[in-house]
Amino acid sequence: MSTSVNVGSAPARSEATAPDTPCAHCGLPVGSTPVHDPAAENADAFCCTGCQAVYHTLHEAGMHDTYYRLSGIGQERSPQPAQARPDELVYAELGTDDFLAEHAPLRDDGTRAITLFVDGVHCAACVWLVERLTDAFGGVTDALLDLPRARLRLEWDPDRVSLPEVADWLSQFGYRVHPVRQDQHQARTDEERRLLLKVGICWALAGNVMLLALALYAGLDAVDSTLNAAAHWVSFGLAIPAVLYGGSEFVRRAWSSVKWAWHQGTARHLHMDLPIALGIWVGFLDSVWGTVSGRGEVWFDSITVLIAAVLTARWLQLRSRRLAGDASDRLLALLPTMAHQVGGDGTTTPVRVDTLQPGDCVRVRPGDTIPVDGVVEDGRSSVNNAVLTGEHQPTPVEPGDEVTGGATNLSTPLIVRVTATGEASSIGQLLAWVREEAPKSARVAHLADRITGYFVAGVATLAILTATLWLMWAPDEAMRHVVALLVITCPCALGMATPLSLAVATGQAAQTGIFVKSEITLERCQEVDAIVLDKTGTLTEGQLALLDTHGEPEAVAWAAALETNSSHPVAQALTAAHPVDPEVAARIDDIDHIAGRGLSGTVDGRRVVVGRPDWITQEASCEEPLRAAVRNAASNGHTPVAVAVDGVVQAVCVFGDRLRPEVPALVRKWQEAGHRVMILSGDHPAVVRHVADKLSIPEEDARGHVSPAEKRAAIEHLHDEGYTMAMVGDGVNDAGALQQADIGIAVDGGATPSLVAADVFLTRQGLAPIDDLFNGASNTMRVIRGTLTFSLMYNLAGGTAAMAGLVGPLVAAVAMPVSSLVVVTAAITQRSFAVSGAAEAPRSSVPADTPAPPHDTDRSPKASPALDHVPGHPSTKQAA
């Protein structure tokens, strides 16, 4: 299916359109250069041609009314990243027989089904639009989108529509699809389904038993003893599957812990499930005796509710872990799986990456991700290694240079000879290291588990003491009081307090943009005394920005006009800071791009050249003030770019990576709290030192040119010194250190495999959510300690009353769920992570600019005698 969209060939400036006018599609301000339909009077304004295209596509498809009603255009929102249309590699992979056989095998009725990740969905309007696939294609039989997980379940008839056609239709609206890796996903979902089935069955059984119990509590036994006995027997029959099927979860773990404790010779290894299993079975057997003999109390209702409630808490835990694992799978799905292989005759063929062998050649177009490790055979370009190094500054490459899989080609096409793929590649080796190191991660037991052994030993001792005393005083009452003791001290509240509190806390954290893979991480946060930070993307914004200009403003405006159609990061930063007047842009011609140096062109008949200062000054004169500006920028690690007009340098633009505004205040807060704050970065040491000075971090705690292996080694050294560390990073080069640290935190939720190794990942920018994590973890642990204290005090008081004969089994059965209700209510109503404060980040008066890495880009300032660059200033490409 294709949709014709009438989009203006060029943005047209309307003098009547204010910059804050909302875009007709997305609702964001249109800015200084709005887009209008050609030859249309008083037409709607758009912020970009992408919004214009989607706007018309929706109208031509007849979907505009419902979409804009659901999307709520006009409300305040954050900009969403633009989504590119999938290239032919994506189409080629989705349509191959191997892909379909692996991800969507043909079913008996001739249809196929697949689960896809969908990038770019964020609201109810997106759900509605994506699920309109069934209307857009007659061959699509079902399309269901799970918005929180960004998963699309698609069923279609391959004889009537192809998967690439579906992907093409979605791409018109900015949505990109990626397959879910079923081998990684299936184990988690199978276990969750199994436990959810138990939860459902046990609650159904418990509900029916509770109905019978209400009749008994209401006085059924006083009305008719036959009905009373029948109710007991029916309850007995309903409780049997609950105890044998649902209770098996606890019995299995309890028995394993008993064997382990016996083998180790200590009660410290007894699991929390042991007292739960003991309480279930003692209460059940005594109730069975009461039913068979017709004497004594029965509490099948308490037993079945106990089983269902604790199973529910376990399912919530498992679900939170599965959702965190889904996020990792999504990131892995974004890695390249297809490549353009170059044949002997120079033609290219789309192939799966896992079929490539060392020595093969692949073609990488501008904007594509390099799918393999290799060596450049042909072409000169610049690549962005942010996915591997975390540093966003482009690096120039030429024939003979090595490139790494996962990097992005920025400028011109490259022919790359394959040296390694898959597990043998740099990313593959790093991910393999993460998987191998995962079992070595510290497994800090929950607070409740740490006291289980002592709790079980205490209950057993009290039960023996109670039986002994009552056998001496009143043998007929001994069993009754022992059962009452075991029931009232049954640790259901103790068992549910911790998992429920942690599950609720992790859910609240997710609402504030903090995703915690394991609840254990919240406990570890209390022990952190050292925080290790990466620089680019963590302390800084991770993208080039114009920091300062020197010289003639008119020359800077001409330079921005020349850079309008360039995709280079320097060009994007310049045009973002200096929006181009369309009238000026229309008077530009003879634009010439010189790879690795800059570009030139004619503006109003004047020759303008923009690029590396050392290249420009070979043919243009430069006065000393501007030379000094270049030297100062280079010495601070900034990137100077010269602008020459008619053979004379008239301006110098200084670019760098801005420090996030909240960083200084947070670093100072952590230092005042006694935390050791360090910087480990792959960037140049001079740049790292410059940032450290702004943050008052000692020189010995700020290191640059640190490789991934050196980062891991530094973390290990801190471990040897006795520190408990939180490592904060955003690149694949950080993955090893994130795994090695006690808490690995991946910043900003970017599509980087560092999230595979991290314990926490953040979808909010900056370091503010890290502070929220520490505060929220502290609040959560305080709630847990409070509920555990209440539970233990209740058990102590109830156990004492049961031993004294003041509480019988019936009262114990009633008191047990009441105590559980108190604990569960406290856990559910906690406010450990405040949603309202999530959007605010602390500000600081410290200057926000921080240097970019000594510019390893096409336009990096090389050592130039003409400009007297600082001796030793890095000018060569740095190794990742």
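Residues take numbers from 1 onward in each chain, read along the sequence in its written order. Reporting in this predicted model follows two pLDDT cut-offs: at least 70 for local features of residues, and 80 or more for side-chain atom pairs to be given and counted; totals over whole chains, interfaces and linings ignore these cut-offs and use all residues. To obtain the side-chain values, all non-hydrogen atoms of the structure were included, while hydrogens and water were left out.

### Quick word on the overall build of the protein chain
So, point 1. Secondary structure is summarised from DSSP: a helix means a run of H or I of at least four residues, a strand means a run of E of at least two, and numbering begins at the N terminus for each. Within the protein chain, the secondary structure is distributed over 31 helices and 27 strands.
So, point 2. Counting every position in the protein chain, which comprises 880 residues, the buried fraction comes to 53%.
So, point 3. The method behind every accessible area is Shrake-Rupley, applied with a 1.4 Å probe, and residues are considered shielded solely by the protein chains displayed. When the accessible surface of the protein chain is split by element, carbon and sulfur atoms take 55% of a total near 37500 Å². To sort residues, take the accessible area from a 1.4 Å probe on protein chains only and compare it with the maximum for the residue type: under 20% means buried, over 50% means exposed, and anything in between is partly exposed.

### Thoughts on the environment of Val688
So, point 1. When you line up the elements, Val688 lands in helix α26 (residues 685–695).
So, point 2. Given the relative accessible area of 1%, Val688 is considered buried.
So, point 3. Distance in space between the C-alpha atoms of Val688 and Gly704 is 5.8 Å, their sequence separation being 16 residues.
So, point 4. Filtering out sequence-adjacent residues up to four positions away, Val688 remains in contact with Ile679, Ser681, Asp683, Ala702, Arg703 and Gly704. Residue contacts are counted whenever heavy atoms from the two residues lie within 4.5 Å of one another.

### Looking at the pattern of salt bridges
So, point 1. Throughout this description, the term salt bridge denotes a Lys or Arg side-chain nitrogen within 4 Å of a carboxyl oxygen of Asp or Glu. Under the defined criterion, the tally for this structure stands at 16 salt bridges.
So, point 2. The closest approach of N and O atoms between Arg631 and Glu624, which form a salt bridge, is 2.5 Å.
So, point 3. By relative accessible area, which is 44% here, Glu624 ends up partly exposed.
So, point 4. One continuous salt-bridge network, built from bridges that share partners, spans Arg194, Lys198, Glu249 and Arg252.

### Section: helix α17 (residues 475–488)
So, point 1. The end-to-end C-alpha separation of α17 is 21 Å, in line with the 20 Å expected for 14 residues at 1.5 Å each.
So, point 2. Among all positions in α17, only Ala478, His481, Val482, Val483, Ala484, Leu485, Leu486, Val487 and Ile488 are buried. In a helix, the anticipated span is given by 1.5 Å times the number of residues less one.

### Re the sheet that holds strand β26 (residues 760–762)
So, point 1. The pairing criterion for strands is at least two bridges between them, as found by DSSP. Strand order in the open sheet formed by 7 strands is β14-β26-β25-β24-β15-β22-β23, and the pairing between neighbours is mixed. Edge positions in the sheet fall to β14 (514–516) and β23 (702–703), since each has one partner strand and no second.
So, point 2. Pairing analysis gives 3 bridges linking β14 to β26, with the strands arranged antiparallel. Directly across from Val516, in β26, lies its bridge partner Val760.
So, point 3. Strands β14, β15 (530–533), β24 (725–729), β25 (743–746) and β26 of the sheet are contacted by helix α30 (residues 768–803), whose axis makes an angle of about 50° with β14. Orientation is described by lines fitted to C-alpha atoms, with helices fitted over the stretch in contact, and by angles between N-to-C directions that extend from 0 to 180 degrees.

### Describing the pairing of strand β19 (residues 606–611)
So, point 1. Sheet analysis places strand β18 (residues 598–603) next to β19, joined by 6 bridges and oriented antiparallel. Bridging across to β19, Gly598 finds its partner in Gly611.
So, point 2. Taking the residues that link successive antiparallel strands as the turn, the β18-β19 hairpin has 2 residues, and the phi of Asp604 there is positive, at about 55°.
So, point 3. Looking at chain direction, β19 and strand β20 (residues 639–645) are connected through 4 bridges and run antiparallel. The residue bridging Val609 from the neighbouring strand is Ala644, located in β20.

### Focus on the nonpolar core
So, point 1. Counting residues in each nonpolar core, the largest one holds 43 residues, and the members touching the most others are Leu539, Ile745, Leu767 and Ile770.
So, point 2. Element by element, the count of residues in this core is highest for α30, at 8 residues.
So, point 3. Residues within four places of Ile770 in sequence aside, it is in contact with Trp670, Val728, Ile745, Val747 and Leu762.
So, point 4. Throughout this description, the term nonpolar core refers to a set of buried Ala, Val, Leu, Ile, Met, Phe, Trp, Tyr and Cys residues connected via side-chain atoms within 4.5 Å. In this structure, Val199, Val487, Tyr794 and Ala802 belong to the second largest nonpolar core, which totals 42 residues.

### Points about the packing of aromatic side chains
What characterises a pair of aromatic rings is the spacing of the ring centres plus the angle enclosed by the ring planes.
So, point 1. Only Phe, Tyr and Trp rings take part, Trp by its six-membered ring, and two of them pair if their centres are within 6.5 Å. Stacked means planes under 30 degrees apart, edge-to-face means over 60, and tilted covers everything else. Considering all chains together, one arrives at 8 aromatic pairs under this definition.
So, point 2. Relative to Phe236, the ring of Trp233 lies with its centre 5.8 Å away and its plane at 55°, an arrangement referred to as tilted. Residue Trp233 and its partner Phe236 are located together in helix α10 (residues 225–246), separated by 3 residues, close to a single helical turn.
So, point 3. For Phe236, a relative accessible area of 16% corresponds to the buried category.
So, point 4. Residues Trp281 and Phe284 carry aromatic rings whose centres are separated by 5.7 Å and whose planes lie at 85° to one another, so their mutual orientation is edge-to-face. Placement of the pair is Trp281 and Phe284 together in helix α12 (residues 273–293), with a separation of 3 residues, close to one helical turn.

### Remarks on the packing of α17 against α30
Pairs of packed helices are described in terms of their axes, by the angle between the two and the distance that separates them.
So, point 1. The geometry of α17 relative to α30 is characterised by a closest axis approach of 9 Å and an angle of 175° between their N-to-C directions. Viewed along their axes, α17 and α30 adopt a mutual orientation that is roughly antiparallel. For the pair α17 and α30, the contacting residues are His481, Ala484, Leu485 and Ile488 in the first and Tyr794, Asn795, Gly798, Gly799, Ala802 and Met803 in the second.
So, point 2. Classes in brief: Ala, Val, Leu, Ile, Met, Phe, Trp, Tyr, Cys and Pro nonpolar; Asp, Glu, Lys and Arg charged; the others, Gly included, polar. Across the contact of α17 with α30, the residue classes break down as 6 nonpolar, 4 polar and no charged. Orientation is classified from the angle alone, with under 35 degrees giving roughly parallel, over 145 giving roughly antiparallel, 65 to 115 giving roughly perpendicular, and any other angle giving oblique.

### Describing the sheet that holds strand β5 (residues 338–342)
So, point 1. Within the open sheet, the 6 strands sit side by side as β6-β5-β7-β13-β8-β11. Their pairing is antiparallel. Unpaired on one side and paired on the other, β6 (348–352) and β11 (402–403) mark the two borders of the sheet.
So, point 2. Of the pairings in the sheet, the one linking β5 to strand β7 (residues 361–364) comprises 2 bridges and is antiparallel in character. Bridged to Gln341 within β7 is Val362.

### Focus: the environment of Asp589
So, point 1. Relative to the helices and strands, Asp589 is located in strand β17 (residues 588–594).
So, point 2. Residue Asp589 is classed as partly exposed on the basis of its relative accessible area of 40%.
So, point 3. Separated by 13 residues in the primary sequence, Asp589 and Thr602 have C-alpha atoms spaced 5.4 Å apart.
So, point 4. Among all residues touching Asp589, those that are not within four sequence positions of it are Gly601 and Thr602.

### Details of unusual backbone geometry
So, point 1. With a phi angle near 55°, Asp590 is a residue other than glycine that sits in the positive phi range.
So, point 2. Not every positive phi belongs to a glycine, and Ser696 is a case in point at roughly 60°.
So, point 3. Assignment of secondary structure puts Ser696 in the loop between α26 and β23.

### Focus on the packing of α10 against helix α11 (residues 248–264)
So, point 1. Where α10 contacts α11, the two axes come as close as 5 Å, and the packing angle between them is 40°. Taken together, the axis directions place α10 and α11 in an arrangement best described as oblique. Counted together, Val243, Leu244, Tyr245 and Gly246 of α10 and Ser248, Glu249 and Phe250 of α11 form the full contact between these two elements.
So, point 2. Looking at the contact of α10 with α11, its residues break down into 4 nonpolar, 2 polar and 1 charged.

### Observations regarding a nonpolar patch on the surface
So, point 1. Taken together, Leu211, Leu214 and Tyr217 make up a surface patch of nonpolar side chains, about 330 Å² in accessible area.
So, point 2. In this fold, Tyr217 is placed in helix α8 (residues 182–217).
So, point 3. You can call Tyr217 partly exposed: its relative accessible area is 43%. A patch consists of residues whose relative accessible area exceeds 30% and which take part in no salt bridge; residues with like charges are grouped when within 9 Å of each other, and nonpolar side chains (Val, Leu, Ile, Met, Phe, Trp, Tyr) when within 5 Å.

### Notes on helix α21 (residues 569–577)
So, point 1. Taken as a whole, α21 has its buried residues at Pro569, Val570, Ala571, Ala573 and Leu574.
So, point 2. Elements in contact with the buried residues of α21: β16 (540–551), α20 (553–562), β20 and β21 (648–659).

### Remarks on the environment of Ala254
So, point 1. Structurally, Ala254 can be placed in helix α11.
So, point 2. Judged by its relative accessible area of 4%, Ala254 falls in the buried class.
So, point 3. Distance from Ala254 to Leu278, taken between C-alpha atoms, is 8.7 Å for residues 24 residues apart in sequence.

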